[in-house]
Amino acid sequence: QQPVQSPQAVILREGEDAVINCSSSKALYSVHWYRQKHGEAPVFLMILLKGGEQKGHDKISASFNEKKQQSSLYLTASQLSYSGTYFCGTEISKGGSEKLVFGKGTKLTVNP
Amino acid sequence: KAGVTQTPRYLIKTRGQQVTLSCSPISGHRSVSWYQQTPGQGLQFLFEYFSETQRNKGNFPGRFSGRQFSNSRSEMNVSTLELGDSALYLCASSSPRTGIYGYTFGSGTRLTVV
């Protein structure tokens with residue numbers, strides 16, 4: 001039931017773009033995205049709900065393809081502050097009644 | 001608004017001992033979830049509590065247990081510790097309106113079993 005993230009790691013130069021994918025074998029109600037910097041707690045970025053629209057936050061946006069049970073996180077014109085490990089979390093039923101299961105994470109490194 | 005508070009931050013225990021970790025959620029949040037984080041495995045779901053009831057449980061042995069109190073504070077207990085239990089234990093709280101706010105994580109308790 002754990003979603004699969006790809007790639008496992010990405011190395012970018014500042015200003016480059018990246019895409020992180022998250023796929024599930026089960027029908028999804030929602031997909032969450034979090035970023036965790038070294039030694040810190042994961043921080044919520046955004047949530048995408050079934051039937052909802054693509055979300056965005058600054059230069060980070062995400063999409064949710066319900067039919068394919070996939071979500072993608074798009075990081076545009078990356079900044080040094082984007083470095084960290086990105087986790088997707090999935091719920092297979094309406095939020096609040098089902099557990100949030102996370103993928104193993106994608107480590108993003110942005111170099112100057 | 002105070003965040004999620006986990007205590008203690010660090011713990012060193014020996015094999016066979018037991019340990020209790022505490023989590024105080026954001027005021028007004030009634031759901032608390034616990035995760036185990038180890039290198040390469042990401043965040044493994046332990047259990048989730050809502051209004052003092054365990055709603056969901058992950059695939060961990062019975063040595064891992066938890067509870068939630070009427071003020072929504074939660075504890076997790078690990079009995080008969082094994083070396084493999086060494087990990088960062090994170091708790092996260094959420095309101096029923098997760099569609100807007102997602103989960104808020106605490107800073108975690110780093111458990112080392114020697």
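Since we're looking at a predicted model, the values are computed, not measured. Here the residue numbers are simple positions, counted from 1 along each chain's written sequence. The naming scheme follows written order: chains are lettered A onward, ligands numbered 1 onward. Reporting in this predicted model follows two pLDDT cut-offs: at least 70 for local features of residues, and 80 or more for side-chain atom pairs to be given and counted; totals over whole chains, interfaces and linings ignore these cut-offs and use all residues. To get the side-chain values, all heavy atoms of the structure are used, and hydrogens and water are removed first.

1. Notes on the interface of chain B and chain A
Any two residues having at least one pair of non-hydrogen atoms within 4.5 Å are treated as being in contact. Tallying the contact residues gives 22 residues for chain B and 19 residues for chain A. Note on chain B versus chain A: buried area summed over both sides is about 1,700 Å², and carbon and sulfur give 53% of it. In short, buried area is how much 1.4 Å probe accessible area vanishes from two parts on joining, totalled over both. For the chain B face of the interface with chain A, the top three residues by lost area are B:Leu43, B:Tyr103 and B:Phe105, together amounting to 29%. The rule for a salt bridge is simple: a side-chain nitrogen of Lys or Arg has to be within 4 Å of a carboxyl oxygen of Asp or Glu. The interface formed by chain B and chain A contains zero salt bridges. Polar contact is defined as a pair of N or O atoms within 3.5 Å, subject to the rule that within protein one atom must be able to donate a hydrogen and the other to accept it, and that residues adjacent in sequence are counted only when both atoms are side-chain atoms. The interface formed by chain B and chain A contains three residue pairs in polar contact (both at pLDDT 80 or more). Residue assignment for the side of chain B that touches chain A shows that the elements contributing at least two residues are β4 (31-38), β5 (42-50), β6 (53-57) and α1 (98-101) of chain B. The helix and strand labels rest on DSSP assignments: H or I over at least four residues marks a helix, E over at least two residues marks a strand, and numbering proceeds from the N terminus. No other element matches β5(B), which puts five residues into the side of chain B that touches chain A. Looking at the side of chain B that touches chain A residue by residue, the classes come out as eight nonpolar, 11 polar and three charged. Asp, Glu, Lys and Arg are counted as charged, while Ala, Val, Leu, Ile, Met, Phe, Trp, Tyr, Cys and Pro are counted as nonpolar; the rest, among them Gly, fall into the polar class.

2. Considerations on the pattern of salt bridges
Residue and element names in this part refer to chain B. One pass over the full model with this rule turns up five salt bridges over all chains. Across the pair Glu48 and Arg55 runs a salt bridge whose closest N-O atoms are separated by 2.6 Å. Note on exposure labels: buried denotes an accessible area under 20% of the residue type's maximum, exposed denotes more than 50%, and partly exposed covers the range between, all computed with a 1.4 Å probe on protein chains only. Among the residues examined, Glu48 registers a relative accessible area of 2% and is labelled buried. By relative accessible area, Arg55 is classed as partly exposed at 31%. Between Glu75 and Arg73 there is a salt bridge, and its shortest N-O distance comes to 3.3 Å. Take Glu75: its relative accessible area is 15%, and that puts it in the buried class. Owing to a relative accessible area of 24%, Arg73 belongs among the partly exposed residues under this scheme. A cluster of three or more residues bridged by salt bridges with shared partners is formed by Arg63, Glu82 and Asp85.

3. Here we look at the environment of B:Thr20
All names here are of chain B. Along the polypeptide, Thr20 turns up in strand β3 (residues 19-24). Separated by 69 residues in sequence, Thr20 and Tyr89 place their C-alpha atoms 11 Å apart. Dropping the residues within four chain positions of it, Thr20 is found in contact with Pro8, Glu75, Met76 and Asn77. Side chain to side chain, Thr20 and Asn77 meet in a polar contact 2.9 Å long.

4. Regarding the packing of aromatic side chains
Centres within 6.5 Å are what make two rings of Phe, Tyr or Trp a pair, Trp counting through its six-membered ring; a difference in plane orientation under 30 degrees is then read as stacked, over 60 as edge-to-face, and the rest as tilted. Evaluation of the coordinates by the stated rule reveals nine aromatic pairs over all chains. On the basis of an interplanar angle of 70 degrees and a centroid distance of 5.7 Å, the ring pair of B:Phe47 and B:Tyr49 is categorised as edge-to-face. B:Tyr49 gets classed as buried once you look at its relative accessible area, which sits at 4%. In textbook terms, an aromatic cluster arises when at least three aromatic residues are bridged by ring pairs, as seen for A:Tyr34, A:Phe44, A:Phe102, B:Tyr35, B:Phe45 and B:Phe105.

5. Describing the sheet that holds strand β7 (residues 64-68) of chain B
Residue and element names in this part refer to chain B. The strand order β1-β3-β8-β7 describes an open sheet built from four strands, whose pairing is antiparallel. Sheet topology places β1 (5-7) and β7 at the edges, where each strand pairs with a single neighbour. Across the sheet, the mean angle from the axis of one strand to that of its neighbour is 15 degrees, orientation sign disregarded. When DSSP finds two or more bridges between a pair of strands, those strands are recorded as paired. By the bridge criterion, three bridges tie β1 to β3 in an arrangement that is antiparallel. Looking at the pairing, Thr5 lines up with Ser24 of β3. Think of each axis as a best-fit line through the C-alpha atoms, taken over the contacting stretch in the case of a helix, with angles from 0 to 180 degrees between the N-to-C directions.

6. Thoughts on the pairing of strand β8 (residues 70-75) of chain A
Residues and elements named next belong to chain A. Bridge count between strand β3 (residues 18-23) and β8: six bridges; the pairing is antiparallel. Directly across from Asn21, in β8, lies its bridge partner Ser72. Across six bridges, strand β7 (residues 60-65) lies against β8 in antiparallel orientation. Bridge pairing in β8 places Ser63 opposite Ser72.

7. Looking at the state of the cysteines
Residues and elements named next belong to chain A. We call a pair of cysteine sulfur atoms a disulfide whenever their separation is within 2.5 Å. Across all of its chains, the model carries two disulfides over all chains by this definition. Put simply, Cys22 and Cys88 are joined by a disulfide, and their sulfur atoms are 2.1 Å apart. Residues Cys22 and Cys88 are joined by a disulfide whose S-S torsion is about 70 degrees; by sign, that bridge is right-handed. With Cys22 in strand β3 and Cys88 in strand β9 (residues 84-91), this pair connects stretches of sequence that are 66 residues apart. Taken individually, Cys22 and Cys88 each receive the classification buried, so the pair is uniform in this respect.

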